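Coordinates in review
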Amino acid sequence: METMLEKLKDIDYRYSELEQLLSDPAVVNKPNLYQKYAKEHADLRELIEIYRTYQKAEACIAQDQELLKENDEELREIAKEEISLLRRQLSDLEERLKVLLLPKDPNDERNVFLEIRAGTGGDEAGLFAGDLFRMYARYAETRGWKVDVVSSNPAGGMGGFKEIIALIEGKGAYSKLKYESGVHRVQRVPVTEAQGRVHTSAVTVAILPEAEEVEVQIDPNDLRIDVYHSSGHGGQSVNTTDSAVRITHLPTGLVVTCQDEKSQLKNKTKALKVLRARLLDMMVAKQSAEISEARKSQVGTGDRSERIRTYNFPQGRVTDHRIGLTIYNLERFIDGDIEEVIDALITHYHTEALKQSTTSIAQ
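As the structure is a computational prediction, the values presented were derived from the model and not from experiment.

1. Some words on the overall build of the protein chain
Summing up its helical and strand segments, the protein chain has nine helices and 11 strands in all. Once local pairs closer than 6 in sequence are excluded, the contacts in the protein chain between residues at least 24 apart make up 61%. Total accessible area computed for the protein chain in this model is approximately 20400 Å², and 49% of it derives from carbon and sulfur atoms.

Given below as structure tokens:
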């Protein structure tokens, strides 16, 4: 704990230093520098506010301990009660400080690409892919995020999707949705089932942080770009112009298609964004594997082949297998009310990360 407090003192000094810099005319007149310091200051604000509350609580305990030396019995009892409350507050504040001191995921504030693909289960998997897309879209709406469909491939004539890719734009989108990658299993009676039997189907979800062009530079010579007629929904322009775009990244074999826009250029731009995100995802996965296999101790591996959640409609329950959490409000959940499970996952990840960081903080 002493080492952590020493670290916090240094950060508090830096925070005060930043406050001075932000009021310095020499800095104010340099927009880029001012913006850099302002961001650093904003990033530290919550940590410092909690640290200073912690310091005040410690000071109050010290004052109350002095009152314990008084002869007034009633005063001593009041001091004892206050000390007990303040120590509980200190314990809570200490846990919050530990979490805030954990290394930040550099992708947390980014927009994300949501990719949903029907797996085993035929038409029923396609219908559930559509259900999951609506679930995430409604959740995004409650947070004030924007959802832009990049590419979609309808599944048969019953609705749903074989595949749908969407860009979700909003502050902290990746921090909230990054644990949704994996296999989502559904157990229910399909609309096509005449005998009322429960079927099990699966849908794969991938959450990829949007990549900046400067991070993932793509050599045009590494791309094969094919254009073709759009198919499916799209009105009069369908099958009349070569607006759909298929981009193949030759070194990795990654293929991205986009046909939702009527403009070939817009489809190409969107496809390149998706390709860039997938390449970044590959790079990060490779780096993580090289750093340490211990990373797998995070809540599952994040591997999209891993079954992470089951939606059981006959029993009205949702179970997240990584943390053993079951809730019985399936209808609300599938309608976008997923915050409870998302928060539980974030808490679990933080707890696991704290266990791993205890040794390094103490050193």
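2. Some points on the confidence of the model for the protein chain
The pLDDT averaged across the protein chain works out to 85; a share of 88% of its residues lies at or above 70. Mean pLDDT across the elements of the protein chain ranges from a minimum in helix α9 (residues 339-362), with 76, to a maximum in strand β10 (residues 317-320), with 96. Across residues 233-239, where pLDDT falls below 50, the model places 10 contacts with residues more than four positions away in sequence or in other chains. This model gives residues 291-303 a pLDDT under 50, and the stretch forms 14 contacts once residues within four places in sequence are excluded.

3. Structural notes on the environment of Ala271
Of note, Ala271 is situated in helix α7 (residues 264-291). The class for Ala271 is buried, based on a relative accessible area of 0%. If near-sequence neighbours (up to four positions away) are discounted, Ala271 is found in contact with Ile247, Val256 and Cys258.

4. Some remarks on the packing of aromatic side chains
Going through the model one piece at a time under the given rule, you end up with five aromatic pairs. An angle of 75° between the planes, with centres 6.2 Å apart, marks the rings of Phe133 and Phe161 as edge-to-face. With Phe133 in helix α5 (residues 122-142) and Phe161 in strand β3 (residues 161-169), the pair connects residues that are 28 residues apart, well separated along the chain. Phe133 sits in the buried class, given a relative accessible area of 12%. On the accessibility criterion, Phe161 (17% relative accessible area) is buried. Aromatic side chains Tyr139 and Trp145 sit 5.8 Å apart centroid to centroid with 90° between the ring planes, which places their arrangement in the edge-to-face category. Accessibility expressed as a relative area gives 2% for Tyr139, which makes it buried. Taken together through their ring pairs, the aromatic side chains of Phe128, Tyr311 and Phe333 make up a single cluster.

5. Looking at the sheet that holds strand β6 (residues 223-228)
The sheet built from three strands is open, its strands ordered β6-β7-β8 with antiparallel pairing. Only two strands of the sheet have a single partner each, and these edge strands are β6 and β8 (254-258). Strand-to-strand twist in this sheet, taken as the mean axis angle between neighbours without regard to direction, amounts to 15°. Bridge count between β6 and strand β7 (residues 244-249): six bridges; the pairing is antiparallel. When the bridges of β7 are listed, Val227 appears paired with Val245.

6. Re the pairing of β7
In terms of burial, β7 is largely enclosed, as five of its six residues are buried. Two strands pair when backbone bridges link them, and β7 and β8 are joined in this way by five bridges, in the antiparallel orientation. When the bridges of β8 are listed, Thr248 appears paired with Val255. If you look at the hairpin formed by β7 and β8, you'll find four residues sitting between the two strands, and Gly253 has a positive phi there, around 80°.

7. Observations regarding helix α3 (residues 31-67)
Its 37 residues give α3 an end-to-end C-alpha distance of 52 Å, which sits within 8% of 54 Å, the value for a rise of 1.5 Å per residue. For α3, the complete set of buried residues consists of Tyr37, His41, Leu44, Leu47, Ile48, Ile50, Tyr51, Tyr54, Ala57, Ile61 and Asp64.

8. Things to note about the pattern of salt bridges
Scanning all chains against the criterion turns up 31 salt bridges. Here Glu94 and Lys98 are joined by a salt bridge, their closest N and O atoms 3.6 Å apart. Here Glu94 and its partner Lys98 are both found in helix α4 (residues 73-101), four residues apart, which amounts to about one turn of the helix. The residue Asp131 makes a salt bridge to Arg188 at a minimum N-O spacing of 2.9 Å. Note that Asp131 is positioned in helix α5 and Arg188 in strand β4 (residues 182-188), a separation of 57 residues in sequence. Exposure class is identical for Asp131 and Arg188. Each is buried. When salt bridges that share partners are traced, they join Glu115, Arg117, Glu163 and Arg278 into one network.

Rules used in this analysis
Residues numbered from 1 in each chain as written. Predicted model: local features only at pLDDT ≥ 70, side-chain atom pairs only at ≥ 80, totals over all residues. Heavy atoms only, no water. Helix = DSSP H or I, 4+ residues; strand = E, 2+ residues; numbered from the N terminus. Contact = heavy atoms within 4.5 Å. Areas by Shrake-Rupley, 256 points an atom, 1.4 Å probe, with all protein chains shown as cover. pLDDT = per-residue confidence, 0-100. Buried < 20%, exposed > 50% of the residue type's maximum accessible area, 1.4 Å probe, protein only. Phe/Tyr/Trp six-rings, centres within 6.5 Å; stacked < 30°, edge-to-face > 60°. Pairing = 2+ DSSP bridges. Axes fitted to C-alpha atoms, helices over the stretch in contact; angles between N-to-C directions. Expected span 1.5 Å × (residues − 1). Salt bridge = Lys/Arg side-chain N within 4 Å of Asp/Glu carboxyl O.

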